[in-house]
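The primary structure of each chain is shown beneath.
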Amino acid sequence: MDSITAGELSAAVSSQKLRKIIHVDMDAFYASVEQRDRPELRGKPLAVGGSADGRGVVAAASYEARKHGVHSAMAMRKAVQLCPDLAIVRPRIDYYSKVSKSIHEIFRAYTPIIEPLSLDEAFLDVTATAHLYGGAEKVGIAVKSRIRDELSLVASVGVAPCKFVAKIASDIRKPDAFVCVSPADVLRFLEPLPIERIWGVGKVTARQFRNRSIRTIGELRQLSLETLAELFGNSAQHYWELSHGIDDRPVVCDREAKSISSETTFHEDIADRSILESWLSLLVESVARRLRNQELTGRGIEIKVRYSDFRSITRSMMLQQSTDVTNVFLEGAEALLRTKVPDDGRSVRLIGFGIHHLSHEEYRQLHLLDEEDTIKPRTIDAISDTIANRFGRGAIQRGKSKR
Ligand SMILES: [Mg+2]
């Protein structure tokens, strides 16, 4: 393998030693917001999601519900079987989006470089600003305590020299966790972790590793790049770098981003098309809302499907014109799923949706002009958003997102 030289490697390592990345992940976000606002739900098993009668799925489960084995992406019907006392609340995505904005205001007090991954999860790059607050660890602690004090919500926070490690750090002692990994501790931190922690290592790859008695990231690190290349071809470099704690992906602000997207990994692979469509519509709604929150329109849409064997496909299309209307995105996304993703019975472990070709200019024009053909759907969006905000998402349903 000559794709990375020792010089480049040490440059990567040393430049990364200077980076300070924080990953913030809200604990059981939707469920915690509902429990915060409705005291009668506190301490009770709660699932936010669709109905147990139809094909509804769990979008978020409180920790009380998780003790019964209820988790997100599970069919609500199954969740109720596992936990007959389960309280079910319809999601209020618009409201969670507002709460998410308040969380971002706290982030912005410490850095302008914020990359949201979803409403409840974000990377912060505090490399340039941490010294103002006494270091990255202090920023992490401050963010966590301000979220608790000002919003009565609990976040798990990881601080590390790169995204890969920061994300694991926030997750490893969830809930209510704070884990700070210094550059000197990165290898020791990664060593005992199961190889499944490496992004892209799923059941199939993990089995290949296990056949060679490799179960942990530390054991993986013992393999040379050459050996890895023989086993995994193009992915070798990726595994080698991450096992050495090397990940130089930058934190990319949404405003700079060329696209806005979101994806969901299921705990259990899903073969049922109508459940997939349900998830897709939830993703489209949340991505479209992020788009509008940032006063953007988009013209390109993309869906991503990863099968249980980890093969992924992405399919994209351009809309007739740039828009911020949820229904237009939804129709496009569903058309892509139906026409470009063969329904061949294979089960799916991840589905994603993204909007690209973003424009501030188009957004401003759209909202200035309110042309005949755009005013109607946009009014419908605004009215349904308002109703959903006041009475909850269950009060109004898009025809195509029956859950
Ligand atoms: Mg979370």
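Residues numbered from 1 in each chain as written. Predicted model: local features only at pLDDT ≥ 70, side-chain atom pairs only at ≥ 80, totals over all residues.

**Student:** What am I meant to see in the sheet that holds strand β11 (residues 312–323) here?
**Tutor:** To summarise the sheet geometry, strands pair through backbone hydrogen bonds and adopt either a parallel or an antiparallel arrangement. Within the open sheet, the four strands sit side by side as β9-β12-β10-β11. Their pairing is antiparallel. Two strands lie at the open edges of the sheet, namely β9 (259–270) and β11, each paired on one side alone. With strand direction ignored, the average angle separating the axes of adjacent strands in the sheet is 15°. Summarising the sheet, β9 and strand β12 (residues 348–359) pair through eight bridges and their orientation is antiparallel. Note on β12: the bridge partner recorded for Ser261 is Gly354. This element, helix α14 (residues 326–340), spans β10 (297–307), β11 and β12 of the sheet and lies at about 145° to β11. (Pairing = 2+ DSSP bridges. Helix = DSSP H or I, 4+ residues; strand = E, 2+ residues; numbered from the N terminus. Axes fitted to C-alpha atoms, helices over the stretch in contact; angles between N-to-C directions. Contact = placed C-beta atoms within 7 Å.)

**Student:** Mind showing me how you'd approach the packing of helix α13 (residues 273–293) against α14 here?
**Tutor:** Think of two packed helices as two axes; the pair is described by the angle between the axes and how far apart they sit. For the pair α13 and α14, the least separation of the axes is 9 Å and the interaxial angle reads 145°. Judged by the twist between their axes, the crossing of α13 over α14 is right-handed. Along its contact with α13, which presents Glu277, Leu280, Ser281, Val284, Glu285 and Ala288, the element α14 presents Thr326, Phe329, Leu330, Ala333, Glu334 and Leu337. Across the contact of α13 with α14, the residue classes tally to seven nonpolar, two polar and three charged. (Left-handed = near helix turned anticlockwise from the far one by under 90°. Nonpolar A, V, L, I, M, F, W, Y, C, P; charged D, E, K, R; others polar.)

**Student:** What exactly am I supposed to notice about the nonpolar core here?
**Tutor:** Ile22, Ala47, Val58 and Leu124 are the most contacted members of the largest nonpolar core, which totals 97 residues. Tallying contributions element by element places α13 first for this core, with nine residues. Contacts of Val58, omitting those with residues within four sequence positions, involve Ala47, Gly49, Val70, His71, Ser72, Ala73, Met74, Met76 and Ala79. (Core = buried A, V, L, I, M, F, W, Y, C linked by C-beta atoms within 7 Å. Buried ≥ 20, exposed ≤ 12 C-beta atoms within 10 Å, placed from the backbone.)

**Student:** Can you walk me through the pairing of strand β5 (residues 114–118) in this structure?
**Tutor:** Successive residues of a regular strand alternate their side chains across the two faces of the sheet. Two strands pair when backbone bridges link them, and β5 and strand β6 (residues 121–125) are joined in this way by four bridges, in the antiparallel orientation. Bridge pairing in β6 places Pro116 opposite Ala122. In this structure, the hairpin formed by β5 and β6 is closed by a connection of two residues.

**Student:** So what exactly am I meant to see when it comes to helix α6 (residues 136–151) here?
**Tutor:** Residues lying three or four places apart along an α-helix face the same way, a consequence of the helix completing one turn every 3.6 residues. With 16 residues, α6 should reach 22 Å at 1.5 Å per residue; the first-to-last C-alpha distance of 22 Å fits that figure. Within α6, burial applies to Ala136, Val139, Gly140, Val143, Lys144 and Ile147. Looking straight down α6, one finds its buried side chains confined to an arc of 130°; they lie on one side. The exposed set on the far side of α6, more than 90 degrees from its buried face, consists of Asp149 and Glu150. Buried residues along α6 sit against β1 (21–26), α5 (93–108), β7 (155–160) and β8 (178–180). A positive phi of about 55° marks Ser152, the residue just after α6. (Expected span 1.5 Å × (residues − 1). Arc of directions from axis to C-beta.)

**Student:** Looking at this model, I keep getting lost on the sheet that holds strand β2 (residues 46–49). Mind explaining?
**Tutor:** In space, the three strands of this open sheet follow the order β3-β2-β4, with mixed pairing throughout. For this open sheet the edge positions go to β3 (58–61) and β4 (87–89), each flanked by a neighbour on one side alone. On average, each strand axis in the sheet is tilted by 30° relative to the strand beside it, whichever way the strands run. Here three bridges tie β2 to β3, and the two strands are oriented antiparallel to one another. Each bridged residue has a counterpart across the sheet, and for Ala47 the counterpart in β3 is Ala61.

**Student:** Got a minute to help me understand the pairing of β12 in this structure?
**Tutor:** With ten bridges joining them, β10 and β12 adopt antiparallel strand pairing. Looking at the pairing, Glu302 lines up with Gly354 of β12.

**Student:** How should the packing of α5 against α13 be read in this particular structure?
**Tutor:** Two elements in contact, α5 and α13, have axes whose closest approach is 11 Å; the angle formed by their N-to-C orientations is 45°. When the interaxial angle is binned, α5 and α13 end up oblique. In the packing of α5 onto α13, the handedness of the crossing is right-handed. Taken together, the residues of α13 that come into contact with α5 (itself represented by Ile93, Asp94, Ser97 and Lys101) are Glu285, Ser286, Arg289 and Asn293. Among the residues making up the contact of α5 with α13, the classes are represented as one nonpolar, three polar and four charged. (Parallel < 35°, antiparallel > 145°, perpendicular 65-115°, else oblique.)

**Student:** Can you walk me through the confidence of the model for the protein chain in this structure?
**Tutor:** Note: predicted coordinates in regions of low pLDDT should not be interpreted at a detailed level. Looking at the protein chain, pLDDT values average 86 and 85% of them are 70 or higher. Confidence drops under pLDDT 50 across residues 392–397; counting only partners more than four residues distant or on other chains, this segment forms 14 contacts. Every residue in residues 399–403 scores below 50 in pLDDT, and together they form 13 contacts with partners more than four places removed in sequence or on other chains. (pLDDT = per-residue confidence, 0-100.)

**Student:** Is there a simple way to explain unusual backbone geometry in this structure?
**Tutor:** Of note, the bond from Lys174 into Pro175 is cis; its omega dihedral lies within 30 degrees of zero at -5°. Here Pro175 shows up in the loop between α7 (163–172) and β8. Backbone geometry places Ala28, a non-glycine residue, at a positive phi of 40°. By the secondary structure assignment, Ala28 is in the loop between β1 and α2 (29–37). In this structure, Asp176 takes a positive phi of about 55° despite not being glycine. Within the secondary structure, Asp176 sits in the loop between α7 and β8.

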